[in-house]
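If you want the building blocks of each chain, they are given just below.
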Amino acid sequence: MKIGILTSGGDCPGLNAVIRGAVLKGIAVHGHEFVGFLDGWRGVVEGDIIDIPRTLVRGIAKQGGTILGTSRTNPFDNGGGPEVIGAHMRRLGIDAIIAIGGEGTLAAAKRLTDAGLNIVGVPKTVDNDLDATDYTFGFDTAVQIATEAIDRLRTTGESHHRCIIAEVMGRHVGWIALHAGMAAGAHAILIPEQKTSIEQITQWVRDANARGRAPLVVVAEGFVPDHLDSAHSERGLDTNGRPRLGGIADLLAPELEARTGIETRATILGHIQRGGVPSAFDRVLATRLGMAAVDSVVEGAWGTMVALKGTEIARVRFEQALGRLKTVPQNRYDEAAVLFG
Ligand code: F6P
């Protein structure tokens, strides 16, 4: 068989480990051939491929980014319906596709599979918000990077007796904020799932300061404090309540400084959380998912994605993973909040 692999959506530490796992198992165990579509669905829509011989994946499990490139191209918005993609696959002799991506990528994969194409998926996102898998690879690395950065911010905050606000990724969910905040010993963790008033945040900051600590607030980029409603939109929020410029940390810092009288600094960690070498956990998880995706192809399990269930790799249908996000449950937030005081 000839299998095409694509990586699509925001990049994520561990993508190369998935590719390597799939290619090594596919060649060694099944004698398959592999090609890579360049830049996600763009390469599929345009039939832009490279060969992936065994030598191309040598040593790449520890390499950040993706050797295939990625994009946020949606095949259906770019003239790439099932007929076009099916025709490319026949012309190039490609029997099946392994699509590595998040919600958007897998939703496109589902539509194409429903139209008769042979596609299996591998879930990917640093945000860890994909349902039907216990963890996504890349999340552990992002938490590690964020925690190390926050540890560093803490020492400068302590030296200057300042309040530090660290903004981490998480457009819709607060998994990175929750885990990095717990690991770094934050005095407040602010996440999109959890309504938190500015009075409550102010109180946490004041309490930490009263205990002689440099207050440390970890905020997910998608968090909107409940006082920043539409009436405040002229101050820099867009219609979704997200800051137009900078991040939510930039809005919170002057507000908290004004309310507490404590000098406050904001740092937005941004894409550093997605770059560089994956953690050992992510390399192992990604490798296992890549190998399992090849098994899915061999068994013709079209329309499914591989997933982590406990410590085992399982297989779930696309529809079980799509349509809703895996948010931080209340009990996980309450557990972390015990540590704020
Ligand atoms: O979905 C992953 C993610 O890293 C989000 O946390 C973040 O909001 C977004 O991607 C950033 O996207 P881009 O790389 O396109 O700016």
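Along each chain, residue indices are assigned from 1 in the same order as the chain's sequence is written. The model is predicted, so local features are restricted to residues of pLDDT at least 70 and side-chain atom pairs to those at 80 or more, both for listing and for counting; the totals for chains, interfaces and linings are taken over all residues.

- Going by the annotation in an unreviewed UniProt entry, the name recorded for the protein is ATP-dependent 6-phosphofructokinase, with Cryobacterium luteum given as the source organism.
- Its UniProt record gives the protein the following Subcellular location (unreviewed entry) comment, quoted word for word: "Cytoplasm".
- UniProt positions are given in the numbering used here, feature names are shortened, and annotations may be inferred rather than shown by experiment. Heading Sequence similarities (unreviewed entry) of the UniProt record for the protein holds this comment: "Belongs to the phosphofructokinase type A (PFKA) family. Mixed-substrate PFK group III subfamily."

### Description of the site of the ligand
- Working rule for contacts: place C-beta from the backbone, and if it is within 6 Å of a molecule or strand, that residue counts as near it. Neighbouring the ligand are the residues Gly10, Thr125, Val126, Asp127, Met169, Gly170, Arg171, Glu221 and Arg274.
- All amino acids are sorted into three groups, where Ala, Val, Leu, Ile, Met, Phe, Trp, Tyr, Cys and Pro are nonpolar, Asp, Glu, Lys and Arg are charged, and the leftover types, Gly among them, are polar. Class assignment for the residues of the shell around the ligand results in 2 nonpolar, 3 polar and 4 charged.
- Residues from two domains meet in the shell around the ligand; each of domain 1 (2-137 + 278-320) and domain 2 (139-275) gives at least three. Bear in mind that the domain bounds are from an automatic or database domain assignment.

### Considering the pairing of strand 11 (residues 312-317)
- At least two DSSP bridges between two strands are required for those strands to pair. Numbered from the N terminus, helices here are DSSP runs of H or I no shorter than four residues, and strands are runs of E no shorter than two. Here strand 10 (residues 304-309) runs beside strand 11; their pairing, made up of 6 bridges, is antiparallel. Bridge assignment links valine 306 to a residue of strand 11, and that residue is arginine 315.
- Between the antiparallel neighbours strand 10 and strand 11 lie 2 residues, among them glycine 310 with a positive phi of about 65°.

### Quick word on the UniProt feature "binding site: ATP" (unreviewed entry) in the protein
- According to UniProt, the "binding site: ATP" (unreviewed entry) feature falls on Gly10, Arg72, Thr73, Gly102, Glu103, Gly104 and Thr105. In three dimensions, the annotated residues from a span of 96 residues occupy one location, with a maximal C-alpha spread of 12.9 Å.
- As for its position among the elements, glycine 104 is in helix 4 (residues 103-114).
- To assign burial, the other C-beta atoms lying within 10 Å of each residue's own C-beta are counted, with C-beta atoms placed from the backbone; 20 or more indicates buried, 12 or fewer indicates exposed, and intermediate counts indicate partly exposed. Judged by the 17 C-beta atoms lying within 10 Å of it, glycine 104 is partly exposed.

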